[in-house]
Amino acid sequence: MGNDRRDAWFLPALLIALGLLGAGWFASRGLVAIKTQDRYVVVKGSAERIVDADLLVWPLPHTVGGNDLASVQRDLARNTETIRRFFLDAGFEEGEIVVSPPRLEDRWAYAYGDSRPPERFRYSNTVSLRTTKVDKALAALRSSGQLVGEGVMLDQNSQPEFDYTRLNDIKPGLIAAATAAARESAEQFAKDSGSRLGGIRNANQGVVTISDRDQSSPQVKKVRVVTTVEYFLRD
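Note that the structure is predicted; figures quoted are calculated from it, not measured.

Visitor: An account of the pairing of strand E9 (residues 220–234) is requested, with residue identities and associated values reported.
Guide: Along E9, 11 of the 15 residues are buried, which leaves the element largely enclosed by surrounding structure. The sheet contact formed by strand E1 (residues 40–52) and E9 spans 13 bridges and is antiparallel. Bridging from a neighbouring strand, Val 51 pairs with Lys 221 of E9. Summarising the sheet, strand E7 (residues 196–204) and E9 pair through 6 bridges and their orientation is antiparallel. Looking at the pairing, Asn 202 lines up with Glu 230 of E9.

Okay, structure coming up:
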């Protein structure tokens, strides 16, 4: 009867022990797998392309001054027409020229006595060119000094803005090149560390930037893509 009692508890105890042993084995294998998966390398890859700007926005702010309001209005209208005619003679269309509403400043409104400036009124607006004819605009830019010769007082701080609008056309190729560069760096790292390169753990396209190639040629742009990729490492 004593043997029957021992048999009654021995078999369940044996099963429990085997279960714990198996759980420990699987758990240890899981820890090994987790440890292996934690081995990875983070690399960056970049790609650049030089492109020509395909859009130009050229604002020409100008101002006239005087003490007679009717006179400054006439002067502003005359100068506005001079700029508009300059663009038309350069080969641009009416739809590419935009004239902003005029802005009137009464400089005597808040000045009294000796603090009053000699000219009471300042009247200004901006004539802008928006065009995809960048080469033709560059030629007009080189001859824009004639506007000053015709008495148009331009804001010398205003510069044309060049832009590149076809980013989506070249973006896939740039990303592919940057990703390939990142993988090449990862493969070299794996080789140097005595490992093998595994799959991608994580990837980030990063930032696409468009900048001037240099200060002297803002119409030439440099498009740059940087990708960040994490690769698993294998023994």
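Visitor: Report on the nonpolar core, specifying residues and quantitative values.
Guide: Core analysis: the biggest nonpolar cluster contains 20 residues, and Trp 58, Leu 60, Ile 83, Phe 87, Leu 129 and Leu 147 have the highest contact counts within it. Put simply, the parts of the chain that give this core at least two residues each are strand E2 (55–66), helix H2 (69–89), strand E5 (121–131) and helix H3 (134–142). Apart from residues no more than four positions distant in its own chain, Trp 58 is found in contact with Phe 86, Phe 87, Val 127, Ser 128, Leu 129, Ala 137, Ala 140, Leu 141, Ser 144 and Pro 160. Counting residues in each nonpolar core, the second largest holds 9 residues, with Ala 182, Ala 186, Ala 190 and Leu 197 among its members.

Parameters at a glance
Each chain carries its own residue numbering, running from 1 in the direction its sequence is written. Reporting of local features is limited, given that this is a predicted model, to residues whose pLDDT is at least 70; pairs of side-chain atoms are given and counted only at 80 or more, and all residues count toward the totals for whole chains, interfaces and linings. Side-chain measures were taken over the full set of non-hydrogen atoms in the model, leaving aside hydrogen atoms and water. Buried means the residue's accessible area, taken with a 1.4 Å probe over protein chains only, is under 20% of the maximum for its type, while exposed means over 50%, and partly exposed covers the values in between. Numbering goes from the N terminus for both helices and strands, where a helix is a DSSP run of H or I of at least four residues and a strand is a run of E of at least two. Pairing between two strands requires that DSSP report at least two bridges joining them. By nonpolar core is meant a set of buried Ala, Val, Leu, Ile, Met, Phe, Trp, Tyr and Cys residues that side-chain atoms within 4.5 Å join together. In what follows, a contact means two residues having at least one pair of non-hydrogen atoms within 4.5 Å.

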